[in-house]
Amino acid sequence: MSLRSRFTTWWAAVFHNDVLNNQLSDELAFHIESRAEELMRSGLSREQAHRRARAELGSLAAARENLRQAWGTRFFDELRGDLRYAVRILTRSPGFSAVAVGSLALGIGANTVIFSMVNAVLLRPLPFPHGEQLTAVMEANEHEGGGDTGSSFPDYSAWRAQTRTFSAMAGYQFHDLTLTGFGEPSVLHTVVTTSSLFPLLGINPVVGRTFSEKDGERGAAAVVVLSEQLWRSQLAANPSILGKTITLDQRPFTVIGIMPASFHYPLSQSKQDLWIPLAQDPLFGPWMTRPGGHWLRVVGRLRDGVTLKQARAEMVALEAGRALADPADDTGWTVHLKPLHEAVTSNVRLALWVVLGAVSLVLLIACANIANLLLARATARSKEMAMRVALGADRRRIARQLLTESAVLGLAGAALGVALAWMAIETLRAALAERLPQIHTIAVDRRVLFFALVLSVATSLLFGLAPVLFAGRSDPQMDLAAGARSGVAQGPQRARKALAVVQIALAMMLLAGTGLLMRSFLRLTSVAPGFIANGLVKASISLPRFQYSTPQQWSTFSVDLLRRLHEQPGLRQSAMVAPLPILDGFVNLGFLVEGAPPPPPGVSQTADYVAASPEYFSVMGIPLQRGRRFDVDDGPSRPPVALISAAFAQRYFPHENPLGRRVMIGFPPDGNVAREVVGVVGDVRDATLSQNPGPMVYVPFAQAPFWGGELVVKSSMDVAAVAAALREQTKAIDRGLPVTDVESLAAAMNDSVTEERFRTRLLAGFSALALLLAAGGIFGVMSYSVSRRTNEIGIRMALGAQPRRVLRMVLSEASWMVAFGVVAGLAGALALGRLISTMLYGLAPWDPATFALAGGVLIAVALAASWIPARRAAGVDPMKALRHE
């Protein structure tokens with residue numbers, strides 16, 4: 001049986017079984033009876049005639065099958081004819097078809113791009129076996145009011161040994177190590193992990209092996225697992241790399257395996273070069289034996305049949321037991337569990353859904369616009385449809401033809417939209433990878449293609465129903481009798497106005513939401529961070545912990561480097577700091593004020609901790625409000641000192657002079673060090689631009705050095721010249737040290753709000769498209785109304801109506817539509833504002849100024865779109881209009 005025959009048989013059998021069987025029985029009985037009557041006229045009896053007729057026509061089943069094939073073939077032929085006619089009728093109106101297909105392509109393409117992000121990040125499961133069992137295990141201190149954080153290694157070890165609800169647990173952290181021996185020194189993004197991570201995730205290397213339990217023990221040989229990207233890019237895809245050593249932070253590590261390019265863990269990092277055992281890490285390895293500290297990120301796999309609620313109850317009980325055993329360390333800490341997928345995507349989940357909702361509104365506006373165009377075409381084709389009905393065409397047949405035309409538009413728009421989406425994703429993939437969790441690659445896969453297909457079918461039905469309903473309610477006799485008379489059919493005209501109102505309402509929602517985000521972004525970027533970024537260049541230097549293992553070596557290096565920089569004409573204003581505000585995050589530590597009572601339970605007493613060289617405050621433009629800054633004499637042999645921020649002084653010394661008071665604070669492992677407050681400096685937003693300045697404590701870098709930090713240079717030279725000079729002076733001390741992340745501080749600050757800028761620009765683009773489509777809808781409705789009322793307007797003007805009155809009449813009609821649309825859109829805008837309230841900075845979700853501005857812009861654009869048809873109406877020549885009538 002041919003493909004066509006199979007299709008027609010299947011179609012008939014599945015979709016038309018009952019109706020077809022009745023029809024086939026009636027047709028079969030008719031044929032048998034007709035043939036029997038012919039045979040009876042030749043002399044046969046009725047019984048003989050019927051017997052011969054049945055024999056000639058074959059068995060009942062065979063006859064039914066033959067007629068079923070004919071019925072299905074007829075439907076297939078009709079469908080093919082509908083498609084041919086639809087293509088022919090649409091190609092006769094290339095302007096209309098281009099506008100409709102282009103609008104759909106933009107709407108479906110934009111939806112496909114955003115859905116590909118939502119699909120890759122939110123909808124698809126984690127790329128690990130039974131990923132739904134993976135759970136993030138976090139701790140939070142209810143007394144201090146902090147958010148979720150990691151655990152200490154002793155806590156992790158106790159959980160792993162005592163849990164019955166988790167089948168496995170693993171801990172990890174990440175930082176950078178320096179690779180030498182392969183050309184210029186390079187900084188690699190390194191994941192340090194317990195040996196249980198890879199078995200827990202169920203992922204195997206491409207070649208070699210992962211870590212064993214012995215690799216995770218203190219004193220074991222240093223081993224490393226490489227990423228496939230690193231192996232190919234920097235190690236020349238050396239096939240004999242297994243068993244060889246590479247030098248990381250001046251220590252040899254033996255390569256034992258290579259992970260596939262598709263593997264990423266942690267999923268929150270866009271780039272991972274290698275993995276090493278936690279015990280072999282120069283930074284976090286020594287912290288494994290230290291009680292307290294909440295630095296280790298923990299992931300667990302639930303046992304089969306165990307719910308998250310059961311696991312949470314067990315972990316809370318375990319934590320309560322540890323608090324009783326060691327109240328000095330564990331009081332106030334509790335365990336929080338989240339599905340790993342939810343924990344990874346929590347920061348982007350709302351933003352992605354909001355953007356998908358916004359682009360869906362754009363598509364709805366496009367559908368309303370096309371429905372308006374189709375209604376106009378249906379009105380113009382009313383005589384054609386009436387003639388077809390008069391000639392015997394069934395209304396269902398006409399409806400099917402109109403829906404076929406809509407389907408052709410929808411499929412053409414979907415095809416072009418998917419092509420545009422594919423090009424956009426290929427262009428934006430690298431940029432999107434930096435902004436979204438790396439769960440799956442963002443691509444146009446089968447699910448995305450199915451989404452685009454469903455979207456095209458849904459939109460075809462959505463905008464195709466309008467002309468179908470109009471055709472179903474029309475009166476053929478009235479349409480034929482109308483002849484050449486012009487006028488406005490009230491039914492379709494009201495529908496077109498209603499669609500225009502819907503467009504304006506949806507555009508109002510989108511404009512208001514975008515206006516809120518834009519004003520929030522402008523307020524965010526205009527915030528004074530507390531320092532001056534213009535004219536500054538920043539660079540990162542990390543010291544190999546195996547080579548520079550003591551704080552004395554860190555301090556000596558920083559003093560030597562800053563001395564060399566101060567001797568260079570263009571680098572004299574240089575400073576060392578760790579961490580750099582906003583760009584490096586923050587270090588929040590608990591502290592005590594000597595002589596003051598301890599804080600009551602439930603009250604947080606922490607401050608952000610910064611180590612800075614004496615020149616830091618003058619280079620960054622942070623003002624001194626009281627006392628003195630650090631100087632070169634504040635070295636390791638001198639009494640410990642500190643500077644505090646104005647917010648610290650206001651909160652903890654509200655009615656007294658803080659100078660001379662002693663604050664006990666320190667970075668692990670040194671613990672609290674009593675430091676004399678020698679000065680108060682201005683507040684700095686060190687966490688994010690959106691977070692108000694909190695208490696900060698600055699300590700001299702020479703007294704509390706880090707194993708690296710950020711160089712900040714104020715120079716009139718360009719960034720490239722400063723970078724070359726910094727690398728030259730660093731190599732003069734140690735040729736194996738790389739200087740990385742050299743860029744303008746202002747540019748780095750600008751990049752810190754990239755996510756907010758990206759989503760704001762995206763929504764602004766969608767809003768502009770929505771505004772354009774809404775304006776086009778108003779223009780189309782008013783232009784069509786004027787064209788259909790030309791004779792009426794001519795009569796009015798012949799009877800004395802002035803052009804200004806006609807102009808006012810048309811604009812008044814448009815104004816009512818705009819007013820209804822804006823008012824209807826306000827309710828949706830209020831709901832949208834509440835939804836995105838957590839994404840706003842310094843702005844209420846019902847901000848009246850933003851809503852008024854959005855409404856004003858929409859009204860102005862809509863009335864401007866109505867002006868051209870209004871002017872055309874005012875310029876009608878009464879004599880020509882009446883002569884045409």
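These figures come from a predicted structure and were not determined experimentally.

1. Examining the overall build of the chain
Within the chain, the regular secondary structure consists of 27 helices and 22 strands. Taking contacts inside the chain between residues at least 6 apart in sequence as the whole, the part at least 24 apart equals 80%. A total accessible area of about 40,500 Å² is found for the chain, and carbon and sulfur atoms account for 59% of it.

2. Quick word on the nonpolar core
The biggest cluster of nonpolar side chains holds 88 residues, and the ones touching the most others in it are Ile114, Phe766 and Ile778. With 16 residues, helix H12 (residues 349-380) is the single largest residue contributor to this core. Apart from the residues lying within four places of it in its own chain, the contact partners of isoleucine 778 are Ala500, Ile504, Met817, Val818, Ala862, Ala865 and Ser866.

3. Section: the pattern of salt bridges
In total, this model carries 14 salt bridges according to the counting rule given. With a closest N to O distance of 3.2 Å, lysine 731 and glutamate 184 form a salt bridge. Of this pair, lysine 731 sits in helix H21 (residues 719-733) while glutamate 184 is found in the loop between strand S2 (166-180) and strand S3 (186-193), placing the two residues 547 residues apart along the sequence. A relative accessible area of 27% places lysine 731 in the partly exposed class. A residue is classified by how much of its surface remains accessible, and glutamate 184, at 55% relative accessible area, is exposed. Measuring nitrogen to oxygen at the nearest pair gives 3.6 Å for the salt bridge that ties arginine 564 to aspartate 560. A residue pair is termed a helical-turn pair when its members lie 3 or 4 positions apart in one helix, as arginine 564 and aspartate 560 do in helix H18 (residues 551-566) at 4 residues.

4. A short note on the confidence of the model for the chain
Overall, the prediction assigns the chain a mean pLDDT of 81, with 82% of residues at 70 or greater. Overall, residues 1-20 carries pLDDT values under 50, and its contacts beyond four positions in sequence, including any with other chains, amount to 29 contacts. With pLDDT under 50 throughout, residues 483-489 is counted as low confidence; its partners more than four residues away or in other chains account for 8 contacts.

5. Description of the pairing of strand S15 (residues 606-612)
Counted residue by residue, S15 has 7 buried out of 7 residues, so it is predominantly covered. Looking at chain direction, strand S12 (residues 573-578) and S15 are connected through 2 bridges and run antiparallel. Paired with alanine 578 across the two strands is alanine 611, which belongs to S15. Looking at chain direction, strand S13 (residues 588-590) and S15 are connected through 3 bridges and run antiparallel. The residue bridging leucine 589 from the neighbouring strand is alanine 607, located in S15. One ladder, built from 5 bridges, connects S15 with strand S20 (residues 696-700); its direction is parallel. Counterpart to alanine 611 in the pairing with S20 is valine 699.

6. Observations concerning the packing of H18 against H21
H21 packs onto H18 with a crossing angle of 135 degrees between their chain directions and a minimal axis gap of 10 Å. Taken as axis vectors, H18 and H21 run oblique relative to one another. Viewed along their axes, H18 and H21 form a crossing whose handedness is right-handed. Residues Phe557, Asp560, Leu561, Arg564 and Leu565 of H18 pack against Leu726, Gln729, Thr730, Ala732 and Ile733 of H21. A per-class count over the contact of H18 with H21 returns 6 nonpolar, 2 polar and 2 charged.

7. Observations regarding the side chain of asparagine 111
Structurally, the position occupied by asparagine 111 is in helix H5 (residues 94-123). On the basis of relative accessibility, which here comes to 1%, the residue asparagine 111 falls in the buried class. Within the structure, asparagine 111 has its side chain in polar contact with the backbone oxygen of valine 359 (distance 3.1 Å). Discounting residues that sit within four places of it in the chain, asparagine 111 has contacts with Leu356, Val359, Ser360, Leu363, Phe451 and Leu455.

8. Concerning the side chain of aspartate 634
Inspection of the secondary structure assignment puts aspartate 634 in the loop between strand S16 (624-627) and strand S17 (641-645). Non-local contacts of aspartate 634, meaning those with residues more than four positions away in its chain, are made with Arg628, Arg629, Val641, Pro700, Ala702 and Gln703.

9. Here we look at a nonpolar patch on the surface
A contiguous nonpolar patch, built from Leu411, Phe450, Leu453, Val454, Val457 and Leu461 and spanning about 550 Å² of accessible area, is present on the exposed surface. For the nonpolar patch, the element with the most residues is helix H15 (residues 446-473), which contributes 5 residues. Looking at the secondary structure, you find valine 454 in helix H15. According to the relative accessible area criterion, valine 454 is partly exposed, its value standing at 41%.

Rules behind the numbers
Residues numbered from 1 in each chain as written. Predicted model: local features only at pLDDT ≥ 70, side-chain atom pairs only at ≥ 80, totals over all residues. Heavy atoms only, no water. Helix = DSSP H or I, 4+ residues; strand = E, 2+ residues; numbered from the N terminus. Contact = heavy atoms within 4.5 Å. Areas by Shrake-Rupley, 256 points an atom, 1.4 Å probe, with all protein chains shown as cover. Core = buried A, V, L, I, M, F, W, Y, C linked by side-chain atoms within 4.5 Å. Buried < 20%, exposed > 50% of the residue type's maximum accessible area, 1.4 Å probe, protein only. Salt bridge = Lys/Arg side-chain N within 4 Å of Asp/Glu carboxyl O. pLDDT = per-residue confidence, 0-100. Pairing = 2+ DSSP bridges. Axes fitted to C-alpha atoms, helices over the stretch in contact; angles between N-to-C directions. Parallel < 35°, antiparallel > 145°, perpendicular 65-115°, else oblique. Left-handed = near helix turned anticlockwise from the far one by under 90°. Nonpolar A, V, L, I, M, F, W, Y, C, P; charged D, E, K, R; others polar. Polar contact = N/O pair within 3.5 Å; in protein donor to acceptor, adjacent residues only side chain to side chain. Patch = residues over 30% accessible without salt bridge, like charges linked within 9 Å, V, L, I, M, F, W, Y side chains within 5 Å.

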